[in-house]
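Topology and contacts: notes
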Amino acid sequence: MSRKFLSGNEAFAEGIRLAKPDVISAYPITPQTIVVERLSEMVEDGSLKSDFIHVESEHSALSCAIGASAAGARAFTATSSQGLLYMAECLYYASGGRFPIVMMNADRSTALPWNIYGDQRDSLSQLDSGWIQVYAENAQEALDLALMSWRIAEDKRVSTPVMVNLDGFVLTHTYETVEIPEQAQADKFLPPYVTDNRIDFANPKNLAFSAGPDTNYIFKYKAHTGMLAAKEVVAETETAFAEIFGRQYSGLLDSYRTEDAEIILVTLGSIAGLCREVTDRLRAHGIKAGVVRIRYMRPFPNEEIAAALKNAKAFGVLEKDISFGNEGTVFTNVNSALQKAGIHIPGYNFIGGLGGRNISAGEIGEIFAAIQSGANSVNFLGIDDAEKTGGDGNGKSNS
Amino acid sequence: MANPTAEKLSRDEYFYGHKACAGCGGSLAVRAALKVLGQNAVSVLPAGCMSAVGFNFPQLCFSNNSIISTFAGTASMLTGIEAGLRAKGYSDFTAVGFAGDGGTADIGIQALSGAIARNDNIIYICDDNEAYMNTGIQKSGLTPFGARTTTTPAGSNIHGNLRPKKNMFEIAAAHGIPYAATASVGYITDFIKKVEKASKIQGTKYIHVIAPCPTGWGIQPDETVEIAKEVVDCGLWYLAEYENGEFTLNHKPKDFSSVEAYLKKQGRFKHLDLDDIKTIIASRDKKWAYIEKNFAYR
């Protein structure tokens, strides 16, 4: 094991090197570029024996990865924002075909207005594409997910592609000290990909076919249950990972000081660290705050969210996303989890970080205060009068 | 197969039990090409007639490994399959795509251009029936001048499609592709030979085969082969190759047969007036002057 000072992108590339994909097909887009540049260099210097294919678009990047996966190969791609949207058709194709591709997405705002900075509107818009979605918080987790995601995706019970999301710039371009596992450890953790869902010359297959009304729903149901099976596989994978690498992850979400918390802020991605820091400050002043960081948006941790929030008096969801005309998508999902669990506590949505706008510790403090005192259902950080900008005007409760 | 002809083709069927219309030129091209390429061909078909008639679970009609790609992704999926199989240690296979005119010249041209530029080791066959037949005969980038389609209706104001076909063969050649060819299912031996030749060449191969659609062209199902011959004989299509940076004409009609007769046999051209036909003949003559000047003949 060695230690290196790496950005999120570079750490992820190190994880991909250890996972040894057969085929990498990628198209450059800011802020994803560093990961594909590093992988290109690894191929050039011989430390990564992958076929690096310089495709002419993101659509082809994923289409090519699907072809490689259909050949039984381990296939990787990476994208961001407009690129993710451009390849959107192929997302559904990959998941419908049950091709366990891994993709890194550098979370970035979507045009218009054009913006290269980080928010999560790109990946959250594709929640229904059938991909497992996981959000890293730091560079070490990014590297570790680059390894774990393959094992989850390729598990026979799952057979579902995984999108690993790194906050654009804040995570992709920020340097941290990262532990790099040894190849032998990675090989022990991640066996070669073996599948029947592939081209087979001894027993030829017709793949990626049409299925009419009589059978279509069965395939969709199986995709759904495959995704649900990932919950168990994530847990098993993290246990195996901890045994080999000594780092234990916390499953579909990560709770911080929630056991006795009265107000809990739910969020995802790299902002969670600052939320925890603010929580500690509030705790020092006797305010019982807590933080839930959602790691997996799909499969969604319904039960885990309910368990974490069941004793709270109120909660907030801070997300870098807005579903225009409604609310943030994470908020919708969290509310659904609570409703199913019969938990009826006030909840407020805080939309922040759009187009890379900084979210300060002060603002997070204000969010906790608003959760405690009550707020609009949907609140845009930086805009005082929510009603002017689409607050729903329903007052203080959404439950 | 040293000298392939239709008679010597394999008796094995690789595209069988499908639901293509009677007289479908596209299915003829797929069937013949797979007989040449054999069991280890991996075929990629985008959305379109051939996938619509061949891949309906549980009625799956390819006896070789086959897969539907996205509409735009024939070439990029071929690239991935070729790279993936190579990575898994296979060498004795042919990755072959069969895309229609729309899937090739319109929505799929970017991926095709990318594959040719990378010189990926694939065969890409465009079965050209000159419109989006699968969706109900809409104009594509390869619909010829004057043709009536459901989106280029022929009325008293506009006589069908106003634009000529994109020149996909020379577009492919302009990339410096190792091998490109034009063909017609009316000259099936020529097509078979070209598929066979392509299978022996390393790098990207592009074959553009005219494959009439009785439904879209307004001909009888038993006229497919005849009309596919006639389009070559009247000079509106030509049989050629591009290899080692040079164009070669494979077949030179002594005298062109009647363009008007070719057009008037087809429902899609019935509305054309004498001026339209003159325009078509003039454009044919211009093309052949170019061919005479720039293509070797052997």
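Residues numbered from 1 in each chain as written. Chains lettered and ligands numbered in written order. Predicted model: local features only at pLDDT ≥ 70, side-chain atom pairs only at ≥ 80, totals over all residues. Heavy atoms only, no water.

**Looking at the domain arrangement of chain A**
All names here are of chain A.
- You can read the domains of chain A as domain 1 (2–245) and domain 2 (253–389).
- Its C-alpha centre places domain 1 at a distance of 28 Å from the equivalent point of domain 2.
- For the pairing of domain 1 and domain 2, the buried interface totals around 2300 Å² over both sides, and the portion due to carbon and sulfur atoms is 52%.
- The interface formed by domain 1 and domain 2 contains 6 salt bridges.
- The salt bridge partner of arginine 295 is glutamate 238, with a shortest N-O separation of 2.7 Å.
- The interface formed by domain 1 and domain 2 holds 19 residue pairs in polar contact (both at pLDDT 80 or more) in total.
- If you list the elements that add at least two residues to the side of domain 1 that touches domain 2, you get helix H6 (121–124), strand S6 (132–135), helix H7 (139–154) and helix H9 (216–245).
- Top contributing element to the side of domain 1 that touches domain 2 by residue count: H9, with 5 residues.
- Its residues assigned to classes, the side of domain 1 that touches domain 2 comprises 14 nonpolar, 5 polar and 8 charged. (Domains from an automatic or database assignment. Buried area = accessible area lost by both parts, 1.4 Å probe. Salt bridge = Lys/Arg side-chain N within 4 Å of Asp/Glu carboxyl O. Polar contact = N/O pair within 3.5 Å; in protein donor to acceptor, adjacent residues only side chain to side chain. Helix = DSSP H or I, 4+ residues; strand = E, 2+ residues; numbered from the N terminus. Nonpolar A, V, L, I, M, F, W, Y, C, P; charged D, E, K, R; others polar.)

**Topic: the environment of isoleucine 152 of chain A**
Residues and elements named next belong to chain A.
- On the secondary structure map, isoleucine 152 appears in helix H7.
- By relative accessible area, isoleucine 152 is classed as buried at 2%.
- Linking isoleucine 152 and glutamate 238, residues 86 residues apart in sequence, is a C-alpha distance of 9.7 Å. (Buried < 20%, exposed > 50% of the residue type's maximum accessible area, 1.4 Å probe, protein only.)

**A closer look at the interface of chain B and chain A**
- Contacts between the two partners involve 38 residues from chain B, matched on the other side by 40 residues from chain A.
- When chain B packs against chain A, the two sides together hide about 2900 Å² of surface, and 60% of this comes from carbon and sulfur.
- The largest per-residue losses of area from chain B upon contact with chain A belong to Phe57, Asn65 and Thr70 of chain B, which jointly make up 21% of the total buried on that side.
- A salt bridge links arginine 118 of chain B to glutamate 56 of chain A, with the nearest nitrogen and oxygen atoms 3.6 Å apart. (Contact = heavy atoms within 4.5 Å.)

**Focus on the pattern of salt bridges**
- For the structure shown, the criterion picks out 44 salt bridges over all chains.
- For the salt bridge of arginine 281 of chain A with glutamate 277 of chain A, the shortest nitrogen-to-oxygen distance reads 3.2 Å. In this pair, arginine 281 of chain A and glutamate 277 of chain A both sit in helix H10 (residues 272–284), 4 residues apart, roughly one turn of the helix.
- What makes arginine 281 of chain A partly exposed here is its relative accessible area of 44%.
- The exposure class assigned to glutamate 277 of chain A is partly exposed, which follows from its relative accessible area of 43%.
- Between glutamate 82 of chain B and arginine 86 of chain B there is a salt bridge, with its nearest N and O atoms 2.9 Å apart. On the criterion of helical spacing, the pair formed by glutamate 82 of chain B and arginine 86 of chain B is a turn pair, its members being 4 residues apart in helix H3 (residues 74–87).
- Given the relative accessible area of 42%, arginine 86 of chain B is considered partly exposed.
- Overlapping salt bridges, with partners in common, bring together Glu137, Glu141, Glu238, Asp254, Arg276, Arg293 and Arg295 of chain A in one network.

**So, the state of the cysteines**
Residue and element names in this part refer to chain B.
- Taken as a whole, this structure holds 0 disulfides over all chains when the rule is applied.
- Here cysteine 49 is not cross-linked by a disulfide; its sulfur's nearest cysteine counterpart is in cysteine 213, at 6.3 Å.
- Residue classification places cysteine 49 among the partly exposed residues on the basis of a relative accessible area of 26%.
- No disulfide involves cysteine 61; its nearest neighbouring cysteine sulfur is the one of cysteine 24, lying 13 Å away. (Disulfide = S-S within 2.5 Å.)

**Looking at the packing of H7 of chain A against H9 of chain A**
Residues and elements named next belong to chain A.
- Following both chains from N to C, one finds H7 and H9 inclined at 130°, their axes separated by 10 Å at the closest point. By the angle class used here, H7 and H9 are oblique. Crossing of H7 against H9: the hand is right-handed. Residues Asp144, Leu147, Met148, Arg151 and Ile152 of H7 touch H9, and the partners they reach there are Ala230, Val233, Val234, Thr237, Glu238, Ala240, Phe241 and Phe245.
- Its residues assigned to classes, the contact of H7 with H9 comprises 9 nonpolar, 1 polar and 3 charged. (Axes fitted to C-alpha atoms, helices over the stretch in contact; angles between N-to-C directions. Parallel < 35°, antiparallel > 145°, perpendicular 65-115°, else oblique. Left-handed = near helix turned anticlockwise from the far one by under 90°.)

**Description of the environment of lysine 286 of chain B**
- Relative to the helices and strands, lysine 286 of chain B resides in helix H11 (residues 274–294).
- For the pair lysine 286 of chain B and glycine 100 of chain B, spaced 186 residues apart in the sequence, the C-alpha separation amounts to 26 Å.

**Overview of a nonpolar patch on the surface**
- Residues Tyr217, Ile218 and Phe219 of chain A together with Phe57 of chain B make up a contiguous nonpolar surface patch of about 370 Å² in total accessible area.
- Here the nonpolar patch takes 3 residues from H9 of chain A, the largest share from any one element.
- Tracing the backbone shows phenylalanine 219 of chain A in helix H9. (Patch = residues over 30% accessible without salt bridge, like charges linked within 9 Å, V, L, I, M, F, W, Y side chains within 5 Å. Areas by Shrake-Rupley, 256 points an atom, 1.4 Å probe, with all protein chains shown as cover.)

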